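# Structural features, examined
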Amino acid sequence: MSLDSKTPPGPLAEKWTRYRGTMNLVAPNNKRRIDIIVVGTGLAGASAAATLGELGYNVKCFTFHDSPRRAHSIAAQGGINAAKNYANDGDSVYRLFYDTIKGGDYRSRESNVYRLAEVSRNIIDQAVAQGVPFARDYGGLLDNRSFGGVQVSRTFYARGQTGQQLLLGAYQALSRQIALGTVEMYNRHEMLDLVLVDGKARGIIARNLVTGKLERFAAHCVVLGTGGYSNVFYLSTNAMMCNVTAAWRAVRRGAYMANPCFTQIHPTCIPQSGDYQSKLTLMSESLRNDGRVWVPKKKEDAKAIREGQKTGRDIAEEDRDYFLERRYPAFGNLVPRDVASRASKTACDEGLGVAPTGLAVFLDFTAAIERYGKSKAHSMGMHDPSPEKIRELGEAVISEKYGNLFEMYEKITGENPYKMPMKIYPAVHYTMGGLWVDYNLETNIPGLFATGECNFSDHGANRLGASALMQGLADGYFVLPYTIGQFLSNEIRTPKFSPDAKEFVEAENQTRERLEGMINIKGSQSVESFHRRLGKIMWEYCGMARNADGLQKARKMIRELREEFYKDVFIPGSTEEYNPELEKAQRVADFLEMGELMVLDALNRNESCGGHFREEYQSEEGEAQRNDADYAFVSAWEYKGWEAEPVLHKEELVFENIELKTRSYK
Amino acid sequence: MKLTLKIWRQKSLKEKGRFETYKVEANPHMSFLEMLDVLNEELIAKKEEPVVFEHDCREGICGTCSMVINGEPHGPMGGTTACQLHMRHFKDGETIVIEPFRASAFPVMKDLAVDRSALDRIIQAGGYISVSTGAAQDANAVPIDKDTAGHSFDAAACIGCGACVAACPNASAMLFVSAKVSHLALLPQGKVEAKRRAQAMVKQMDLEGFGMCSNITACEAECPKGISVENIARLNREYLSSALGSETVA
Ligand SMILES: Cc1cc2nc3c(=O)[nH]c(=O)nc-3n(C[C@H](O)[C@H](O)[C@H](O)COP(=O)(O)OP(=O)(O)OC[C@H]3O[C@@H](n4cnc5c(N)ncnc54)[C@H](O)[C@@H]3O)c2cc1C
Ligand code: SF4
Ligand code: FES
């Protein structure tokens, strides 16, 4: 099957406007007859469900959480991008488009990214109208800050809780539709299968997590906004429940998984402290606006710090290596995430790490505290402030900007980051890969749509900070509600589907067999223990640096682990009750398949680009070497069965507006 | 560190619960939930049923974790959710009592997990601004004073955990309701519907079986996000005092 991106014709800047103006519409009286299932209530799902409800469709919305407001989007800290150019620093739709394509290392589709940049502006308007309390300046206007990989200030934020506030906006819009009866909400329901009727997506099988019973739901089409799969690595910055099951079940029904190996490792996370650790905590990228990243120049100093004989404070200025500023003078500490993460890894690999594990670098605010302190003293009319006064004033400014992050750091580590430089290390954070979708956000299965982190669409091989929130809301508020009409306008005569049709009953039976099969293994190892082992394999061989030998080895190890899982996993309790271990087992089982596909994709891509760094393909200075001649494509994998090789389909990427260049941040 | 845990075990909504005692060995750097993970892994190794507790972000922002630790919702540390609490705040040899949030509007589903969907229904009753997608004007069209926006944010920081309800002897949800009312009413966009919103939300709160507020302020003391009882005062003063006025919702 050929992959048609369905990109509309016309000049880049006019594609979306023209397309929207000529799209098929569904008349209001017909909308009422059409049912849509939306799975997920994160930014992508909640915004889509609310908007579709407002438009008059009958929406059924699902989340495995106890409330739509708890989706993982709630945890996003730093901000959301939009090409508003309120800062008057030369930003524009084109520049946001350009930065996103470049940041993604030229592995995304021009038309989708341009549209994203265009609608970014509407998102901010919408959020403000909903009551999102974004940060403001003294004139009462919206404030902006900078994120990595760009040279303008276009990031809108709500203290360090931007995701929370945006999600609450979408959740409130969704709640309004629930009250109006246009959206029927199913909390604590986990989608475990996709149902196809005559090749089109027409429903889902969901498990009621309270009773444990399987339930069948039918509709004219299905939208997945089910988030990313970072937890395949076990340790990540994602919430504990994030998983790939909904997307993977769609893959098993024929949907293609695109660029699965493109995962993002975020440079600034709190380092792991022990084996019991259940997750890693992100320190927002916004910190790199003011924090300077460094390690000691001398190995002896690093060793002394690791052993607790010295602290960061004891290292003289000339003995510090601010390695990002040194290697990338143009962008300094604000290089994109993949670049920053690899540079930290290199420093630690050289023996310069500063935590007992050897895996940490410093993120230091001393210079910023002094700078802000001086400027504040000046603005208060102090002429000769003491160093203590300057520090005090500077710390207050830093606290206003990042207070909650500093507090969180102290809660977790027990160290005060105002006094001691933070210790940070890269951690898995985001997955650029996801279900393959065309310009309409429709997968290769007609009637199955994917939005937000669940699809692969906009970030290429590396996502820029503050762009995931933008994409989730763009998809849900401003893109999908229109493009879905392209499919539904042909369905207005299709009668309602019955969830008692044989396709549904069959899918339910298969799901039940799988659940019962798993619980009846009654082996000796916990689900958690398998998840941890998978995570170690993924991190070691398919993490920040990858090579062919390692990937081949990993593939074999994952297959063996999967076999062991189906022989020896132990799941307590029964299927027909509230059973979190059974839920986890489903998710880990799917990770065990997805992990292998990620490894295969990484093995297949003989180049280094964005978050995918193949050690064989690097320059003498250790920079990534892309191969545009052979790999300027999206890999879309078709699942062929349990033991069979997946089949690779390629969507060639055509760049008509941007010249492919070696990404340089020097 | 060696700990004794007394944990509430309850098989389902219908069955009666009781405390069970467990021993566990923890490390001071662990989070409280990681300590429970260790216990659960041990129970699973013995083929026993692990303790069900809800959690997700483990960063204090999703509001999922919910348990009463030694008599306090989210435990002894102020401004901290259970997931952000670390074992370094407990002593070696200590006995820790862990039970679910207690309120008739929050039925226990299993062990420490309770049903808090009543809070969603309160939001559905009016906790939003009635604006449809695409109907918004430019975001900078209406400037909002920095301090006002800040106060609105302070109220908007509520994570919907329900600790305020669990802390209140009357099991009132007033702090939760007043936080949402204040968040929206302080902004020009949300002011228009403010009265109606407040009345509808309070009415739903009553219907859900939450108790009355009698100004005990235990809610504020236990709220992990520092939501202030000033919000309750604002709600009473500005929006409920005129409940008999013409804007009363039916
Ligand atoms: C710590 C952290 C900080 C971040 N900070 C930023 C930031 O500052 N700026 C930025 O732009 N991005 C940030 N990101 C990334 C961003 O938060 C996410 O990419 C984005 O929120 C994903 O939104 P989503 O709606 O696609 O998915 P999610 O928010 O993950 O929502 C998924 C939804 O799907 C539901 N679901 C999943 N599977 C099923 C199933 N099988 N059945 C039923 N329901 C299901 C879940 O219940 C949930 O409701 C951050 C990410 C992390 C981890
Ligand atoms: S007011 Fe505080 S305690 Fe109550 S739900 Fe909100 S965050 Fe939780
Ligand atoms: S688990 Fe999210 S707040 Fe505790």
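For the structure, check the block above.
Residues numbered from 1 in each chain as written. Chains lettered and ligands numbered in written order. Predicted model: local features only at pLDDT ≥ 70, side-chain atom pairs only at ≥ 80, totals over all residues. Heavy atoms only, no water.

### Considering the sheet that holds strand 17 (residues 434-435) of chain A
Whenever strands of a sheet pair, they do so through backbone hydrogen bonds, lying parallel or antiparallel. Residue and element names in this part refer to chain A. In space, the four strands of this open sheet follow the order 17-11-21-22, with antiparallel pairing throughout. Every interior strand has two partners, whereas the edge strands, strand 17 and strand 22 (647-652), have only one. As defined by bridge partners, strand 21 (residues 633-638) adjoins strand 22 across six bridges and the pair is classed as antiparallel. Bridged to F633 within strand 22 is E652. Of the strands in this sheet, strand 11 (257-258), strand 21 and strand 22 touch helix 17 (residues 580-604), which is tilted by about 140° from strand 21. (Pairing = 2+ DSSP bridges. Helix = DSSP H or I, 4+ residues; strand = E, 2+ residues; numbered from the N terminus. Contact = heavy atoms within 4.5 Å. Axes fitted to C-alpha atoms, helices over the stretch in contact; angles between N-to-C directions.)

### Considerations on the interface of chain B and chain A
Facing the 73 residues of chain B at the interface are 77 residues of chain A. Looking only at chain B, the three residues that lose the most surface to chain A are B:T133, B:K146 and B:F153, adding up to 12% of its buried area. Remark: the boundary between chain B and chain A carries eight salt bridges. The residue A:E577 makes a salt bridge to B:K110 at a minimum N-O spacing of 3.2 Å. (Buried area = accessible area lost by both parts, 1.4 Å probe. Salt bridge = Lys/Arg side-chain N within 4 Å of Asp/Glu carboxyl O.)

### Considerations on unusual backbone geometry
Residue and element names in this part refer to chain A. With a phi close to 55°, Y106 is a non-glycine residue in the positive phi region. Of note, Y106 is situated in the loop between helix 4 (93-103) and helix 5 (110-130). Its relative accessible area of 1% is what places Y106 among the buried residues. (Buried < 20%, exposed > 50% of the residue type's maximum accessible area, 1.4 Å probe, protein only.)

### Remarks on the pattern of salt bridges
All names here are of chain A. Using the criterion set out here, one finds 77 salt bridges over all chains in the structure. The partner of D500 in a salt bridge is R216, and the shortest N-O contact between them spans 2.7 Å. Of this pair, D500 sits in the loop between helix 13 (468-488) and helix 14 (502-519) while R216 sits in strand 9 (residues 214-218), placing them 284 residues apart in sequence. Exposure remark for D500: the relative accessible area of 54% places this residue in the exposed category. Relative accessible area serves as the criterion here: at 26%, R216 is assigned to the partly exposed category. Note that K584 and E528 form a salt bridge whose closest N and O atoms lie 2.8 Å from each other. Here K584, found in helix 17, pairs with E528, found in helix 15 (residues 527-542); they are 56 residues apart in sequence, far enough to count as distant. When its relative accessible area of 24% is taken as the criterion, K584 is described as partly exposed. For E528, a relative accessible area of 9% gives the class buried. Bridged by salt links that share partners, the residues D105, R107, D338, R605, E607, R626, D628 and R663 form one connected network.

### A closer look at the packing of aromatic side chains
Overall, the coordinates contain 29 aromatic pairs over all chains when judged by the stated rule. Aromatic side chains A:Y631 and A:F633 sit 5.6 Å apart centroid to centroid with 35° between the ring planes, which places their arrangement in the tilted category. Following the ring pairs from residue to residue traces out a cluster consisting of A:Y94, A:F97, A:Y98 and A:Y114. The ring of A:Y157 carries A:R145 above its face, with NZ or CZ at 3.7 Å from the centroid. Above the plane of the ring of A:F570 lies B:K47, whose end atom (NZ or CZ) is 4.7 Å from the centre. (Phe/Tyr/Trp six-rings, centres within 6.5 Å; stacked < 30°, edge-to-face > 60°. Lys NZ or Arg CZ within 6 Å of the ring centre and 35° of its normal.)

### Remarks on helix 1 (residues 32-45) of chain B
Residue and element names in this part refer to chain B. Helix length check: helix 1 (14 residues) gives 20 Å between terminal C-alpha atoms against 20 Å at 1.5 Å per residue, within 8%. Counting buried residues along helix 1, 11 of its 14 residues qualify, which places the element largely inside the surrounding structure. Looking at helix 1, one finds that the buried residues are F32, L33, E34, M35, L36, D37, V38, L39, N40, L43 and I44. Count one or two residues on from helix 1 and you reach K47, which has phi positive near 60°. (Expected span 1.5 Å × (residues − 1).)

### Structural notes on the nonpolar core
Counting 235 residues, the largest nonpolar core has A:I36, A:I80, A:F134, A:I204, A:L435, A:I484 and B:F210 as its most contacted members. Considering every element that reaches this core, the biggest residue donor is helix 17 of chain A, with 13 residues. If sequence neighbours within four positions are ignored, A:I484 has contacts with A:I36, A:L52, A:Y57, A:C221, A:V223 and A:F449. In terms of nonpolar packing, the next biggest core, distinct from the first, is built from 30 residues, B:A26, B:M35, B:F53 and B:I69 among them. (Core = buried A, V, L, I, M, F, W, Y, C linked by side-chain atoms within 4.5 Å.)

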